[in-house]
Amino acid sequence: MKKVFLIISCLIIFLVLKAVSYQEYNPNDDRFRVLALEKAKIRMEQSEREWQNAKELFEKKYISQTEYKEYELQYKNDKINYEQYMLSVIYDKPHISVVSAYKTQTEDGRIQVQLTLANTSGGNFAIEEKAMEGIKEGKLSPTMMYNVYVSLLDEQNSIISQPYEYYIKSLGFNEKKNLSFFLLKDMDAVTVSVNYGDKITEKRIYLKRKGTSNNLSITPDFYAQEVQIGATAVFRLALEFYGEGKQNLIPMIENLPSGFTWSIANESNAVTLSDIMFSPANAQQRFMLQINIPEKSEDNFELDKAIAFRFSLQNRNGEIAGYSDLQITPSGKAEIISSLDNLYYKTVKGKEIIIEPLIIENKGIKTITNISHSIILPPGWEYKIIPETIVKIDPQQKIKLKVIIIPSKSTSAGIYELKIKTQGKNVEKLISSQEQQIKIEIQEKTNVFFIIFLILLSIGVVLGLIYGMIKISKN
């Protein structure tokens, strides 16, 4: 009797449990995910109890395997549904704030960005934590952010940071994380890209400059130059201030030989300055450092030998705010000049033109070698230069040349122009003279016999007139 009663009771419980369904859908579940998570948790726990009861009935052979599998499948579906709501709560309102972003310059000249991030996610974490109590499948928490990837981008969305991505395994609620990047190119503002879960957030951040012991960077366009004596070397400098407040800095130069003079000028208007003012609002400026080299090589420097010097900016107390090591190499002046006494010539068709003297002179203080000439002529014309080759011209030396121009036989009468240019080499540097422009007038060739005939004819006509006048006077 007891056995029959037990069987009937189990069947009644089984039918009641089977009639219960927790799969109802509420449209507010997507809006209030925390409450949906709570409901999914209740549903999963209920399904688990039903499955365990069905398991006991199946083992006692009171239900079929098909009916048992239905309860098992229902439990697994409710468990998956619960885990989905759990993940939706975790990824519901993640937010990372950029607390600070400083740009500094290291001693080796690299630009470093010090970034501080914080987990400032929103949500009612008390309800969320309660809804997720007892999770056995891990240590996930709605207040935690996992697997965060951070990188710095430029305006074209190219990664400009080293490392390219910074990995954060987990970040608790209100927890701050300090990251350090090196910029692959200097920027005043960067895009901070944060990849978390299924979300990517990007914020355009202006980098605040942070000073170190040397709070000014000086970057020249060129660190070394070769300039002829008597000329001016110009170093274009990009200055960036990393300090705080306003500072007046005084430009200074060390190790420049006596006789050299220098000045610093604003690149935009070329105004010479005695000091330079910087502030965070006017942190980037460009200047021209102009160095005048004496005409003659004194005892304190040698030609073609590099001179290393230092340009720095100091405050009123003599403390160096920033510096740049530069180099200048004074070189001897090499100059070649060509000149002609006459730039206009006349000739007749079929006759050569002799241009002389073409004077070549070395006006510099260095020997010029491999002298050559470039002559631009009308089509079909030819030329000869005597002497044909000149191996070298020493400083202040003059050489006279003869140039023979041979016009084409088919050249018509008219005025033609040709250009003569002389060039040579000083070491591997090409030295050229200014271009000489010569005009040549070619006239038609006159027939001598025809001229004699005309002269004789004219004499005959004159004699005839005289004879006729004498006859008339006698009559």
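Residues numbered from 1 in each chain as written. Predicted model: local features only at pLDDT ≥ 70, side-chain atom pairs only at ≥ 80, totals over all residues. Heavy atoms only, no water.

Engineer: I tried to follow the overall build of the chain on my own but got confused; where do I start?
Structural biologist: Within the chain, the secondary structure is distributed over 5 helices and 29 strands. When the 475 residues of the chain are sorted by exposure, 37% land in the buried category. Sequence-distant contacts in the chain: of pairs separated by 6 or more residues, those separated by 24 or more amount to 67%. A total accessible area of about 28500 Å² is found for the chain, and carbon and sulfur atoms account for 53% of it. (Helix = DSSP H or I, 4+ residues; strand = E, 2+ residues; numbered from the N terminus. Buried < 20%, exposed > 50% of the residue type's maximum accessible area, 1.4 Å probe, protein only. Contact = heavy atoms within 4.5 Å. Areas by Shrake-Rupley, 256 points an atom, 1.4 Å probe, with all protein chains shown as cover.)

Engineer: Can you help me understand the pairing of strand β14 (residues 261-266) in this one?
Structural biologist: Along any regular strand the residues' side chains alternate between the sheet's two faces. Direction of pairing for β14 relative to strand β17 (residues 284-292): antiparallel, over a ladder of 6 bridges. Each residue of the ladder has a partner; that of Trp262, found in β17, is Ile291. Of the strand pairs in this sheet, β14 and strand β15 (residues 272-273) are connected by 2 bridges, and their pairing is antiparallel. In the strand pairing of β15, Ile264 is matched with Leu273. Between β14 and β15, which follow one another and run antiparallel, lie 5 residues, and Ala270 among them has a positive phi close to 60 degrees. (Pairing = 2+ DSSP bridges.)

Engineer: In this structure, what is going on with the packing of aromatic side chains? I would like to understand it.
Structural biologist: The geometry of an aromatic ring pair comes down to the distance between the two centres and the angle between the two planes. Under the definition given, this model contains 7 aromatic pairs. For the pair Trp51 and Tyr75, a centre-to-centre distance of 5.2 Å together with 0 degrees between the ring planes defines the contact as stacked. Here the residue Trp51 occupies a position in helix α2 (residues 33-59), and Tyr75 occupies one in helix α3 (residues 65-90), the gap between them amounting to 24 residues. The class of Trp51 is buried, set by a relative accessible area of 16%. By relative accessible area, Tyr75 is classed as buried at 13%. Relative to Phe181, the ring of Tyr166 has its centre 6.0 Å away and its plane inclined at 65 degrees; by these criteria the two rings are edge-to-face. (Phe/Tyr/Trp six-rings, centres within 6.5 Å; stacked < 30°, edge-to-face > 60°.)

Engineer: Please explain the sheet that holds strand β13 (residues 247-254) as it appears in this structure.
Structural biologist: Adjacent strands of a sheet pair through backbone hydrogen bonds, lying either parallel or antiparallel. An order of β11-β19-β18-β13-β16 is seen for the 5 strands of this open sheet, with the pairing classed as mixed. On the outer flanks of this sheet lie β11 (224-228) and β16 (276-278), each paired with one strand and no other. Taken pair by pair, the neighbouring strands of this sheet meet at an average axis angle of 35 degrees, ignoring direction. In this sheet, strand β19 (residues 320-331) lies alongside β11 in parallel orientation, the contact comprising 5 bridges. Bridging from a neighbouring strand, Gln228 pairs with Ser331 of β19. (Axes fitted to C-alpha atoms, helices over the stretch in contact; angles between N-to-C directions.)

Engineer: Would you explain the sheet that holds strand β1 (residues 96-105) in this entry?
Structural biologist: The mixed open sheet is built from 5 strands, whose spatial order is β4-β6-β2-β1-β9. Edge positions in the sheet fall to β4 (161-162) and β9 (208-209), since each has one partner strand and no second. Across 9 bridges, the pairing between β1 and strand β2 (residues 111-119) is antiparallel. Looking at β2, one finds that Val98 is bridged to Leu117.

Engineer: Just checking my understanding: could you explain the nonpolar core for this structure?
Structural biologist: Looking at soluble globular proteins, one finds that nonpolar side chains tend to be buried together. Judged by nonpolar contacts, the single largest core of 29 residues is most densely connected at Leu216, Phe278, Leu289, Ile291, Phe309, Phe311 and Leu313. Contributing elements (two or more residues each) for this core: β10 (216-220), β12 (232-241), β13, β16, β17, β18 (307-314) and β19. Setting aside anything within four residues of it in sequence, one finds Phe278 in contact with Leu216, Leu239, Phe241, Gly245, Lys246, Gln247, Leu249, Ala283, Gln285, Phe287 and Leu313. Ranked by size, the runner-up nonpolar core spans 25 residues in total, among them Ile353, Ile360, Leu418 and Ile442. (Core = buried A, V, L, I, M, F, W, Y, C linked by side-chain atoms within 4.5 Å.)

Engineer: Which parts of the structure should I look at to understand unusual backbone geometry?
Structural biologist: Note on backbone geometry: most residues besides glycine have negative phi, and most peptide bonds are trans. With an omega of 5 degrees, the peptide bond running from Gln162 to Pro163 counts as cis. With respect to the secondary-structure elements, Pro163 resides in the loop between β4 and β5 (166-171). Cis geometry is adopted by the peptide bond preceding Pro387, which originates at Ile386 and carries an omega value of -5 degrees. Positionally, Pro387 belongs in the loop between β24 (382-386) and β25 (390-393). The phi dihedral of Asn147 is positive, around 55 degrees, even though this residue is not glycine. Look at Asn147 and you get partly exposed, because its relative accessible area is 40%. Located in the positive-phi region is Gln396, a residue other than glycine, with phi close to 65 degrees. Among the structural elements, Gln396 can be located in the loop between β25 and β26 (398-406). We classify Gln396 as partly exposed; its relative accessible area is 48%.

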